[in-house]
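Residue strings, one per chain:
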Amino acid sequence: MIERSWQNWAGNQCAFPSHTAEPSSVDDLRVEVQAAAARSQSVRCVGAGHSFTPIAVTDGVQIGLDSLRGIESVVRGADGCADVTVLAGTRLHELTARLWDLGVAMTNLGDIDEQSIAGAISTGTHGTGARFGGIATQVRALELMTADGKLVQCSREENSDVFDAARVGLGALGVITRVTLECVPAFALRAVEEPSTLRETLEDIEETIAGVDHFEFYWFPHTDRVLTKRNTRLPGDATLRPLGRVRSYVDDELLSNTVFEGLNRLVTRVPALIPALNAVSARALSAREYTDRSYRVFASSRTVKFVEMEYAVPVSEIGWVLREVDRWLERSAVSIAFPVEVRFAAADDIWLSTASGRPTAYLAVHQYHRRDHREYFDAVEAICRSVGGRPHWGKLHSLSSAELRDSYDHFDDFLRIRNAMDPGKLFGSDYLERLLS
């Protein structure tokens, strides 16, 4: 074991675990878990470190899952779908490329694919599409290692209560070791991106999200301008027309990352420039259309570091929420350079899913990592909470167990399962105790 410090991708969370380990097999993982239990040290697992919260922070044992990677089995069905079992540390970008080679795909993905599959499931990572749920809804079965080193299998048919809890389990029940995903036949996406206005976009938002497979938009604060993205599902053998190498580099690397990083460094020193720069940036956007493998369209490169908060609100409230955020920005002295991202998801039945029991709109706000986010995030959080908003488990928020219990019908059911599986709180932390006391 190696003593070292750790920080997450954004750099806003750090930890000084007593020990770190990176087991290369499930048997090695068992040794680490049992040793930590014998020393009465807490255990937290970490994948890519893409959560903005202290969810992976511990002063006990931090276990990296990077060596537990790869596809273990593929069971194909007559309909072209397949149940694919993968090890918990498998990164999404590696998995989705391999699935394409196997002729299948994940039903939906988020817009970042650096996460491990276990981390994405545990924190409720999602994409967009009113008919599609988050990544956890694609899980067919899970295997977890409990505090005594035993493996527990769960699915809708076996240990169903554990399954309902563990699909978005915050790492509080045990260590996910294997995941079986329900994959669909490989498909392409036709992406249509075009500028619009916030007013026009919100006027017919419910009709839009019902008529488009995967719809999202980005609103530029201090303006009425948005960039809309409509992704339409096509058969896997559809003719692909990806972005040209030059256009892709200019749009997605040079402008979205290199230039955007420079602009954020500038406005960090001179915040008064932000409204004017947002207006110029929004009006400079041009429409583009392309068709590519689904996983290449869903996810994009993000190299500009930021911190993020995201709230899940009822779809019917998203227009009011955005207008209230706009009104707050007009009244305040805060200037925001990052666009506000709005996405949508179907209702699901997972106990701690942010879309549990209701069709959901997601509002994500960002702040450059060198700037203070607190006043902005606090204001947006208050607006979202006023309509029953639920915070994303992997992103910043201020809630504790009292508020969270009111947000989830099965909150106490989750605590019951946690107490049964980990009565000694081996997989606990100060942060989890704030959430789950």
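Residues numbered from 1 in each chain as written. Predicted model: local features only at pLDDT ≥ 70, side-chain atom pairs only at ≥ 80, totals over all residues. Heavy atoms only, no water.

Peer 1: Could you clarify how one ought to interpret the overall build of the protein chain in this entry?
Peer 2: Across its full length, the protein chain holds 14 helices and 19 strands. By the compact-globule yardstick of 22 Å for 437 residues, the protein chain fits well, its C-alpha radius of gyration being 21 Å. With 437 residues in all, the protein chain has 57% of them scored as buried. Taking the contacts inside the protein chain whose residues are at least 6 apart along the sequence as the reference set, 73% of them involve residues at least 24 apart. Surface accessibility of the protein chain: about 17700 Å² in total, with carbon and sulfur atoms responsible for 49%. Taking the 47 positively charged and 60 negatively charged side chains of the protein chain as two groups, their mean positions are separated by 3 Å. (Helix = DSSP H or I, 4+ residues; strand = E, 2+ residues; numbered from the N terminus. Rg over C-alpha atoms; globule rule 2.2 N^0.38 Å. Buried < 20%, exposed > 50% of the residue type's maximum accessible area, 1.4 Å probe, protein only. Contact = heavy atoms within 4.5 Å. Areas by Shrake-Rupley, 256 points an atom, 1.4 Å probe, with all protein chains shown as cover. Lys, Arg positive; Asp, Glu negative; His and termini not counted. Charge placed at Lys NZ, Arg CZ, Asp CG, Glu CD.)

Peer 1: Would you explain helix α11 (residues 374–385) in this entry?
Peer 2: A turn of α-helix holds 3.6 residues, and therefore any two residues three or four places apart point the same way. Between its first and last C-alpha, α11 extends 16 Å over 12 residues, near the 16 Å set by a 1.5 Å rise per residue. Turning to α11, its buried residues are Tyr 376, Phe 377, Ala 379, Val 380, Glu 381, Ile 383 and Cys 384. Those residues of α11 hidden inside the fold are in contact with β16 (306–314), α10 (318–331), β17 (340–345) and β18 (360–368). (Expected span 1.5 Å × (residues − 1).)

Peer 1: Can you help me understand the packing of aromatic side chains in this one?
Peer 2: For any pair of aromatic rings, the description consists of the separation of the ring centres together with the inter-plane angle of the planes. Within the structure shown, the criterion is met by 11 aromatic pairs. Measuring from centroid to centroid gives 6.1 Å for Phe 215 and Phe 217, while their planes differ by 45 degrees, and the two rings are tilted. The residues Phe 215 and Phe 217 share a single accessibility class, namely buried. Where Phe 306 meets Phe 338, the ring centres are 5.7 Å apart and the plane angle is 55 degrees; that geometry is what we call tilted. Remark: Phe 338 occurs in the loop between α10 and β17 and Phe 306 occurs in strand β16; sequence separation between them is 32 residues. Here Phe 306 matches Phe 338 in class, with each residue buried. Members of the aromatic cluster, joined through ring pairs, are Trp 9, Phe 52, Phe 306 and Phe 338. The cationic tip of Arg 233 hangs over the ring face of Phe 187; the distance from NZ or CZ to the ring centre is 3.9 Å. (Phe/Tyr/Trp six-rings, centres within 6.5 Å; stacked < 30°, edge-to-face > 60°. Lys NZ or Arg CZ within 6 Å of the ring centre and 35° of its normal.)

Peer 1: Got a minute to help me understand the pattern of salt bridges in this structure?
Peer 2: It is possible for side chains bearing opposite charge to pair when their charged atoms get close. Evaluated as defined, the whole model comprises 27 salt bridges. One salt bridge in this structure joins Arg 69 and Glu 94, with 2.5 Å as the shortest N-O distance. With Arg 69 in the loop between β5 (61–64) and β6 (71–76) and Glu 94 in helix α2 (residues 92–101), this residue pair connects regions lying 25 residues apart in the sequence. Taking relative accessible area as the criterion, Arg 69 reaches 31% and is therefore assigned partly exposed. The residue Arg 374 makes a salt bridge to Asp 372 at a minimum N-O spacing of 2.8 Å. Members of the salt-bridge network, linked through shared partners, are Asp 111, Glu 308, Glu 310, Glu 341, Arg 343 and Lys 395. (Salt bridge = Lys/Arg side-chain N within 4 Å of Asp/Glu carboxyl O.)

Peer 1: Explain the nonpolar core to me, please; I cannot follow it from the model alone.
Peer 2: The nonpolar side chains of soluble globular proteins are, as a tendency, buried together. Membership of the largest hydrophobic core comes to 120 residues, with the highest contact counts inside it found for Phe 217, Leu 322, Phe 344 and Tyr 376. Leave out the neighbours within four places in its chain, and Phe 217 touches Leu 198, Thr 201, Leu 202, Ile 205, Val 226, Leu 227, Thr 228, Leu 322, Val 340, Glu 341, Val 342 and Phe 344. (Core = buried A, V, L, I, M, F, W, Y, C linked by side-chain atoms within 4.5 Å.)

Peer 1: I'm lost on the sheet that holds strand β13 (residues 214–219) in this one. Help?
Peer 2: Two strands in a sheet stick together by hydrogen bonds in their backbones, pointing the same way (parallel) or opposite ways (antiparallel). Judged by pairing direction, the sheet is antiparallel, and its eight strands sit side by side in the order β15-β12-β14-β13-β17-β18-β16-β19 without closing on themselves. Single-partner strands in this sheet number two, and they are β15 (288–293) and β19 (390–391). Two strands pair when backbone bridges link them, and β16 and β18 are joined in this way by nine bridges, in the antiparallel orientation. Looking across to β18, one finds that Glu 310 is bridged to Ala 364. (Pairing = 2+ DSSP bridges.)

Peer 1: Mind showing me how you'd approach the pairing of strand β10 (residues 151–155) here?
Peer 2: Along a regular strand, successive side chains alternate from one face of the sheet to the other. With five bridges connecting them, strand β9 (residues 139–145) and β10 associate as antiparallel partners. Note that in β10 the partner of Leu 142 across the bridge is Cys 154. Hairpin connection, β9 to β10: the antiparallel pair is bridged by five residues, and Gly 149 has positive phi, about 85 degrees.

Take it as geometry only, folks, not as evidence of what the structure does.
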